[in-house]
Amino acid sequence: MTERPLALFAMSAENPPKLLPSGVLARLRTSVDIDPTLVAEDFGDPRVRAALGETEILITGWGCPPIDDAVLAAAPRLRAVLHTAGSVKSMITPGCWERGLIVSSAADANALPVAEYTLGMILLAGKDLLGARERYRAARAFTLGEVIPDIGNFGRRIGVVGASRIGRRVIELLRPFDFRVSLADPYVDAAGAAALGVTLRGLDELLRTSDIVTVHAPATPETDGLIGRRELALLPDGAVLVNTARGSLVDTPALVEQLSTGRISAVLDVTEPEPLNADSPLFDLPNAFLTPHIAGSHGNELHRLGLCAVEELERLLRGLPLSHRVDRAELERAA
């Protein structure tokens, strides 16, 4: 029997059972020798340090410490890092790339629930969920059969800011509906937009011509405050801004100003700061719908992330190209 390579969990200790239910863990253990009770939260831990010397594969996740030069020196046989979450920026150091480590991420798997959340919010926003709720709450009655003007999703104009993994997933999920979808992304050309089935626009034009704008750009120094006071003012009356990306992309004080006028609405799963200060006006504005960063993977959706890492491991051991390998150059401009 071929000796199985040694693998090690590197993440917060509570995460492996959440990511790898019994069936998925059993599948993992058919491919590698791994101790489920040994989880590297600190690479300086003596038990972890001893295991690193023979470790070939790290199964990482939220809470993984940086894989720095000291860790690499302690793990001379390490050849792959398979991440059960999205971004690897906080843990993959230049030394990892210099070593030639294979790095994989479950970012695509984590993009799906965010895109699903976004689709749900777009559909509800098109039916004026926030306004209808407030009107019903105030009146305590409504006229059965009355046709409400200016709502509905037929021909609704949707603006997608950023053709990231999640942005592309959103575009894909929007396809079966009767929406007119535009995209703003400086890295996408006309041919790329045509392939996605969307209309390419500059950011300003997209904001002016969209009923619902959903933000999916990465958080980088260039995108900090991407949607500020000037940009918010471009939105047409009645528009809805959806943000499931990062709070830093939207200027919070400017958004509060616009929402306070009642001119636009917002659905916010992320904010700046996060969590919001307890006295933030966003909690009380009727046209602000807040959720506590739940769009990404939670509950049973975590199993998809663990399964993604196991499938990548199986491909690695069979000598096949990984489906979700991280490219160093692309990582520089990713979330």
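Residues numbered from 1 in each chain as written. Predicted model: local features only at pLDDT ≥ 70, side-chain atom pairs only at ≥ 80, totals over all residues. Heavy atoms only, no water.

**Topic: the sheet that holds strand β11 (residues 288–290)**
Using the following cut-off: Strand pairing follows a simple DSSP-based rule, namely that at least 2 bridges must link the two strands. Put simply, DSSP H or I for four residues or longer makes a helix, DSSP E for two residues or longer makes a strand, and each gets a number counted from the N terminus.
The 7 strands are arranged β7-β6-β5-β8-β9-β10-β11 in an open sheet whose pairing can be described as parallel. In the strand order of this sheet, the two ends are held by β7 (199–200) and β11, each with one partner. Looking at chain direction, strand β10 (residues 265–268) and β11 are connected through 3 bridges and run parallel. Across the sheet, residue Ala266 finds its bridge partner in β11, namely Ala288.

**Examining unusual backbone geometry**
Applied cut-off: With a 1.4 Å probe rolled over the protein chains alone, any residue whose accessible area is under 20% of its type maximum counts as buried; one over 50% counts as exposed, and the rest are partly exposed.
Geometrically, the link from Glu272 to Pro273 is a cis peptide bond, its omega value of 0° lying close to zero. Summarising the element assignment, Pro273 is placed in the loop between β10 and β11. Backbone torsion omega between Glu274 and Pro275 reads -5°, so that peptide bond is classified as cis. With a phi close to 60°, Arg140 is a non-glycine residue in the positive phi region. Within the secondary structure, Arg140 sits in the loop between α7 (129–139) and β5 (157–161). Of note in this structure, Asp150 is not a glycine but carries a positive phi near 65°. If you trace the backbone, Asp150 turns up in the loop between α7 and β5. Residue Asp150 is classed as exposed on the basis of its relative accessible area, which comes to 74%.

**Digging into the pairing of strand β3 (residues 80–83)**
Looking along a regular strand, one sees the side chains alternate between the two faces of the sheet. A two-sided burial pattern is seen for β3, the buried positions comprising Ala80 and Leu82 on one face and Val81 and His83 on the other. With 4 bridges connecting them, strand β2 (residues 57–60) and β3 associate as parallel partners. Across the sheet, Leu58 pairs through a bridge with Val81, a residue of β3. Both β3 and strand β4 (residues 102–105) contribute to a ladder of 4 bridges, which runs parallel.

**A short note on the UniProt feature "domain: D-isomer specific 2-hydroxyacid dehydrogenase catalytic" (unreviewed entry) in the chain**
Definition in use: UniProt positions are given in the numbering used here, feature names are shortened, and annotations may be inferred rather than shown by experiment.
Feature annotation in UniProt assigns "domain: D-isomer specific 2-hydroxyacid dehydrogenase catalytic" (unreviewed entry) to the following positions: residues 63–326. End C-alpha to end C-alpha, residues 63–326 measures 19 Å, and it is 37% helix and 13% strand.

**Considering the pattern of salt bridges**
The test is simple: The rule for a salt bridge is simple: a side-chain nitrogen of Lys or Arg has to be within 4 Å of a carboxyl oxygen of Asp or Glu.
Per the stated rule, a full pass over the model turns up 15 salt bridges. Ionic pairing is found between Arg157 and Asp211, a salt bridge with its closest N-O pair at 3.0 Å. Taken together, the positions of Arg157 in strand β5 and Asp211 in the loop between α10 (203–208) and β8 (212–215) put the pair 54 residues apart, joining distant regions of the chain. A relative accessible area of 26% places Arg157 in the partly exposed class.

**A look at the nonpolar core**
Threshold: Here, nonpolar core refers to any group of buried Ala, Val, Leu, Ile, Met, Phe, Trp, Tyr and Cys residues whose side-chain atoms link them within 4.5 Å. The contact definition used throughout considers only heavy atoms, calling two residues in contact when any of these lie within 4.5 Å.
Counting residues in hydrophobic clusters, the biggest one holds 27 residues, and the most contacted among them are Leu232, Leu255, Leu259 and Leu282. Of all elements in the fold, only α10, β8, α11 (229–234), α12 (252–260) and β10 reach the threshold of two or more residues within this core. The element contributing the most residues to this core is α12, with 4 residues. In contact with Leu232, not counting residues within four places along its chain, are Ile227, Leu241, Asp251, Ala254, Leu255, Gln258, Arg263 and Ile264. By size, the runner-up hydrophobic cluster in this structure holds 26 residues, among which are Ala10, Val48, Val326 and Leu331.

**Observations regarding the environment of Asp189**
Short version of the rule: Polar contacts, as counted here, are pairs of nitrogen or oxygen atoms within 3.5 Å of one another; within protein the pair requires one atom able to donate a hydrogen and one able to accept it, and residues that are adjacent in sequence qualify only if both atoms are side-chain atoms.
Looking at the secondary structure, you find Asp189 in the loop between β6 (180–184) and α9 (190–196). Along the chain, Asp189 and Pro65 lie 124 residues apart, while their C-alpha atoms are 38 Å from each other. Within polar-contact distance, the side chain of Asp189 engages the backbone nitrogen of Ala191 at 3.3 Å. Of the polar contacts made by the side chain of Asp189, one reaches the backbone nitrogen of Gly192; its length is 2.7 Å.

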